[in-house]
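Chain by chain, the residues:
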Amino acid sequence: MPYSQIGFLVPLNNNLEEDDSASKLPILEGVNILGRDNFSVSDKRVSRKHISLKASLDGSAEVVVEGSNPVVIRAGDQRKKLYSKDKATIAHGDILELIPGHHVFKYVIPTGAKDTPSPQTRKRSSEEGRKLSEDELLVKKRRQIFEDEAFARNLQAELADNSPVQERSLGIEICQSSRSHRVMHEVVGAEPIRHFSVHKDRLPLTFRLLQVQGLPPWANTSSVSIRDVIQGNVLVAILSNYMVDIDWLISACPAIKKIPHVLVIHGEGDGTLDHLKKVKPANWILHKPPLPISYGTHHSKAMLLVYPRGVRIIVHTANLIHVDWNNKSQGLWMQDFPWKDQKDLKKGHEFENDVIDYLSVLKWPEFSVNLPDIGNVTINSSFFKKFNYSSAAVRLIASVPGYHTGPNLKKWGHMKLRTILQESVFDKEFQKSPLVYQFSSLGSLDEKWIAELATSMSAGFSDDKTPLGLGKPLIIWPTVEDVRGSLEGYAAGNAIPSPQKNVEKDFLKKYWAKWKATHTGRCRAMPHIKTYTRYSGQKLAWFLLTSANLSKAAWGALQKNNSQLMIRSYEEHSILVSIMLVLLWVQVTCGSSQNAGGRKRELVTLCWRGNQSIDSSSEVIPLPVPYELPPQPYSSEDVPWSWDRRCSKKDVYGQVWPRQVKLYVSQDS
């Protein structure tokens, strides 16, 4: 039996007048799930499950943001931005912007057109609505019970004098029972990240994770927020990213409003760019780098902040949007560099070359600024030669779009990584040791290219000049169950945007490994971080933190008998290499990396407990690798996540994936 139609979402043009070229969208009593297909828009920022709208007989409607991008509601003169999972009530005449400034609809209740449901309809709607409400309450009640139990047991473990592990925690995982129910079970484990504390002078040797809302405090130990990064007396800021939400950025980091010169290098499309131009402060410059090859993007995520005493360089993995800095597993590396002395202005450095090579291809519009004690300077790529990078703790590896041949063949992408590793010497234990690829989007791949990348990732020599040999890669990728039980539920899958045609290729099955992050408290914080590494036990030969997903567009693909590297997209990677640290600072002696104090540096995970394979005089550099090593391969029951897969089992918020526009109050509607 049909249910009451409450109203319409009426499409509006730029003048906020009804757009006659588009159809009205009927809104029925109950829950309406609306997305890209329903609104007939091709803009992929509009999720397939973008908003839910629960309409009541009195005409009011509750809007919930289901996707990862914000929605704006305008009621009279007030404009309110809602982020993922935020709620608001709308009434007749209120306006919705599905993406801030774009895809505008008015909620309209036709005068006298609201049908009065029959008594049977009212009864059935009430009964089914009550069932839905009870299901939602049950989900919330279960979550609260388990969170309370987790807190209590964690406290008990910390106070227990006879506990074999002094600090233990209760993690919560989603699992499948023999009766195919969703059940939660308790997993007791150590919390290595609680002890991750590095002196500020040593922070450039490692990287840090971003803070995640909803985690216990111990899981955010030494983690950072955007306010920890952009702070102090910044004179010039260059923000390089793919997605940029200026409204959120200013609210999350008010200090940025005080910076006199801001350049935003972005990868946004024309629609969002129009909105950015409208809302940006007058002293901000927007620039989208040229893309010589179709389907490429500007995907690099970095910041350069100029201070009176030097420059801060940051490489990270988060878009400049709310969900990326609050809800997901992300990583960030940064280091401060002083101005060069006048006598050293012509002295260069490998890291300096890395930075300048990359900045020079972005071709942003130059601008002049007056810096204290420096005077008038032009902000272009050459400006960044004025800083002393001799203390650089990493190498910077960039990918820029184009067909790279000759000397440029080894300048970008995985070929530059291959070159750097070939110049490095590693301990013998890394011979034929495994590789890990961890990322959040999977391109259309084939076995030939996987082998090509593995050759680059496996480069390097042991101290007896023997090649390390090919390492077997594993791909850490969330399962459907991981996403379903995550902090965001199925909505987290919007930021793991790979289709089934890419994910479910037969040859990939042997590579899949689980996202397990108990030791960092991030099992339920879905990864947007991208990392690549070679490991032996809990020791790392090298570690790569990057914006690059696993794709030919990001890393490049060899062509023309390996004489040309084709790259579609801009990326930046910072690489931490045990031997590379020495190449940046001092000499290499007998295959060991040493600093000026004569101490060997070793990279280890937070789970490393010390053993005889590391000399007592070595300086151990802990890296907060968010997932557990060695990775656990998929079981026969594990299914890799793909965002166009239909999932009928409800997530932690009682939702399925994806939801269609239909009334869910009745099973036979």
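Points about the overall build of the protein
Here is step 1: Broken down by element type, the protein carries 13 helices and 37 strands.
Here is step 2: Across the 669 residues that make up the protein, the buried fraction comes to 57%.
Here is step 3: A separation of at least 24 residues holds for 68% of the contacts in the protein among residues at least 6 apart in sequence.
Here is step 4: When the accessible surface of the protein is totalled, it reaches about 28800 Å², and 49% of it is carbon and sulfur.

Some details on helix 9 (residues 447-457)
Here is step 1: For helix 9, the full list of buried residues reads Trp449, Ile450, Glu452, Leu453, Ala454, Ser456 and Met457.
Here is step 2: As for helix 9, its buried residues are in contact with helix 8 (413-422), strand 25 (435-438), strand 29 (530-536), strand 30 (539-546), helix 12 (552-555) and strand 31 (557-559).
Here is step 3: Of the residues that open helix 9, the one with a side-chain oxygen 3.2 Å from the backbone nitrogen of Lys448 is Asp446.

A few points about the pairing of strand 21 (residues 375-379)
Here is step 1: With five bridges joining them, strand 20 (residues 367-371) and strand 21 adopt antiparallel strand pairing. The residue of strand 21 that forms the bridge with Leu371 is Gly375.
Here is step 2: Taking the residues between adjacent antiparallel strands as the criterion, strand 20 and strand 21 are bridged by three residues, where Asp373 takes a positive phi near 65°.

Describing the pattern of salt bridges
Here is step 1: Tallied over the full model, the rule gives 24 salt bridges.
Here is step 2: Salt-bridge contacts for Lys539 lead to Glu429; the nearest nitrogen and oxygen are separated by 2.5 Å. Taken as a pair, Lys539 in strand 30 and Glu429 in the loop between strand 24 (425-426) and strand 25 lie far apart in primary sequence, 110 residues in all.
Here is step 3: When its relative accessible area of 30% is taken as the criterion, Glu429 is described as partly exposed.
Here is step 4: Here Glu481 makes a salt bridge to Lys649, at a shortest N to O gap of 3.7 Å. Residue Glu481 is found in helix 10 (residues 480-484), and its partner Lys649 is found in the segment after strand 37 (619-623); the two are separated by 168 residues along the sequence.
Here is step 5: If you follow the salt bridges from partner to partner, you end up with Glu350, Asp354, Arg395 and Lys416 in one network.

Considering the environment of Thr419
Here is step 1: On the secondary structure map, Thr419 appears in helix 8.
Here is step 2: Linking Thr419 and Ser456, residues 37 residues apart in sequence, is a C-alpha distance of 8.0 Å.
Here is step 3: In terms of polar contacts, Thr419 uses its side chain to reach the backbone carbonyl oxygen of Met415, at 2.9 Å.

Quick notes on unusual backbone geometry
Glycine aside, a negative phi is what most residues show, and trans is what most peptide bonds show.
Here is step 1: The omega angle of the peptide bond from Leu629 to Pro630 is -5°, so this bond is cis rather than trans.
Here is step 2: Checked against the element boundaries, Pro630 lands in the segment after strand 37.
Here is step 3: The peptide bond linking Trp657 to Pro658 adopts the cis configuration, its omega dihedral lying at -20°.
Here is step 4: Summarising the element assignment, Pro658 is placed in the segment after strand 37.
Here is step 5: Phi is positive for Lys85, close to 80°, though the residue is something other than glycine.
Here is step 6: Mapped onto the secondary structure, Lys85 falls in the loop between strand 7 (78-82) and strand 8 (87-90).
Here is step 7: A relative accessible area of 25% means that Lys85 is categorised as partly exposed.

So, the sheet that holds strand 23 (residues 402-405)
Here is step 1: Spatially, 23-32-31 is the arrangement adopted by the three strands of the open sheet, whose pairing is antiparallel. Each end of this open sheet is capped by a strand with a single partner; those strands are strand 23 and strand 31. Mean inter-strand twist for the sheet, computed between neighbouring axes without regard to direction, equals 30°.
Here is step 2: Direction of pairing for strand 31 relative to strand 32 (residues 564-567): antiparallel, over a ladder of three bridges. Residue pairing across strands places Leu558 opposite Leu565, the latter belonging to strand 32.

Focus on the packing of helix 8 against helix 9
Here is step 1: Following both chains from N to C, one finds helix 8 and helix 9 inclined at 35°, their axes separated by 8 Å at the closest point. Residues His414, Met415, Leu417, Arg418 and Leu421 of helix 8 form the contact with helix 9, whose own contacting residues are Glu452, Leu453, Thr455, Ser456 and Met457.
Here is step 2: Of the residues contributing to the contact of helix 8 with helix 9, the split by class is five nonpolar, three polar and two charged.

Quick look at the confidence of the model for the protein
Here is step 1: Across the protein, the average pLDDT comes to 80, with 79% of residues at 70 or higher.
Here is step 2: The low-confidence segment residues 113-189 (pLDDT under 50) makes 105 contacts with residues lying over four places distant or belonging to another chain.
Here is step 3: Low confidence marks residues 575-597, where pLDDT is under 50. Its contacts with residues over four positions away, or in another chain, come to 80 contacts.

Re the environment of Asp463
Here is step 1: By the element assignment, Asp463 lies in the loop between strand 26 (461-462) and strand 27 (473-476).
Here is step 2: Owing to a relative accessible area of 39%, Asp463 belongs among the partly exposed residues under this scheme.

Description of the side chain of Gln330
Here is step 1: Position of Gln330 among the secondary structure elements: in the loop between helix 6 (322-326) and strand 19 (331-338).
Here is step 2: What makes Gln330 buried here is its relative accessible area of 0%.
Here is step 3: A distance of 2.6 Å separates the side chain of Gln330 from the side chain of Thr317, its partner in a polar contact.
Here is step 4: Once you skip the residues sitting within four places of it in the chain, Gln330 turns out to touch Arg208, Leu209, Leu210, Thr317, Ala318, Asp324, His528 and Ile529.

Considering the sheet that holds strand 18 (residues 310-316)
Here is step 1: Strand order in the open sheet made by the seven strands is 13-19-18-17-14-15-16, with mixed pairing throughout. Two strands lie at the open edges of the sheet, namely strand 13 (208-209) and strand 16 (284-287), each paired on one side alone.
Here is step 2: Bridge analysis of strand 17 (residues 302-307) against strand 18 gives six bridges, and the strand direction is antiparallel. Within strand 18, the residue paired with Tyr307 across the bridge is Gly310.

Some thoughts on the packing of aromatic side chains
Here is step 1: For the structure on display, the rule yields 20 aromatic pairs.
Here is step 2: On the numbers, 6.1 Å between centres and 65° between planes, the contact of Trp333 with Phe351 is edge-to-face. Here the residue Trp333 occupies a position in strand 19, and Phe351 occupies one in helix 7 (residues 350-360), the gap between them amounting to 18 residues. Accessibility classification places Trp333 together with Phe351 in one group, the buried group.

Let's talk about the nonpolar core
Here is step 1: Membership of the largest hydrophobic core comes to 115 residues, with the highest contact counts inside it found for Phe384 and Leu550.
Here is step 2: In terms of residue count, the dominant contributor to this core is strand 30 (six residues).
Here is step 3: With near-sequence residues (within four places) excluded, Phe384 lies in contact with Ile238, Leu304, Val306, Val311, Ile356, Leu359, Trp364 and Tyr389.
Here is step 4: Ranked by size, the runner-up nonpolar core spans 33 residues in total, among them Leu249, Ile259, Val264 and Ile314.

Thoughts on the side chain of Ser456
Here is step 1: Its place among the elements puts Ser456 in helix 9.
Here is step 2: What makes Ser456 buried here is its relative accessible area of 0%.

Structural notes on helix 8
Here is step 1: Extensive coverage of helix 8 is indicated by the burial of nine of its 10 residues.
Here is step 2: Considered for burial, the residues of helix 8 that qualify are Gly413, His414, Met415, Lys416, Leu417, Arg418, Thr419, Ile420 and Leu421.

Rules behind the numbers
Residues numbered from 1 in each chain as written. Predicted model: local features only at pLDDT ≥ 70, side-chain atom pairs only at ≥ 80, totals over all residues. Heavy atoms only, no water. Helix = DSSP H or I, 4+ residues; strand = E, 2+ residues; numbered from the N terminus. Buried < 20%, exposed > 50% of the residue type's maximum accessible area, 1.4 Å probe, protein only. Contact = heavy atoms within 4.5 Å. Areas by Shrake-Rupley, 256 points an atom, 1.4 Å probe, with all protein chains shown as cover. Polar contact = N/O pair within 3.5 Å; in protein donor to acceptor, adjacent residues only side chain to side chain. Pairing = 2+ DSSP bridges. Salt bridge = Lys/Arg side-chain N within 4 Å of Asp/Glu carboxyl O. Axes fitted to C-alpha atoms, helices over the stretch in contact; angles between N-to-C directions. Nonpolar A, V, L, I, M, F, W, Y, C, P; charged D, E, K, R; others polar. pLDDT = per-residue confidence, 0-100. Phe/Tyr/Trp six-rings, centres within 6.5 Å; stacked < 30°, edge-to-face > 60°. Core = buried A, V, L, I, M, F, W, Y, C linked by side-chain atoms within 4.5 Å.

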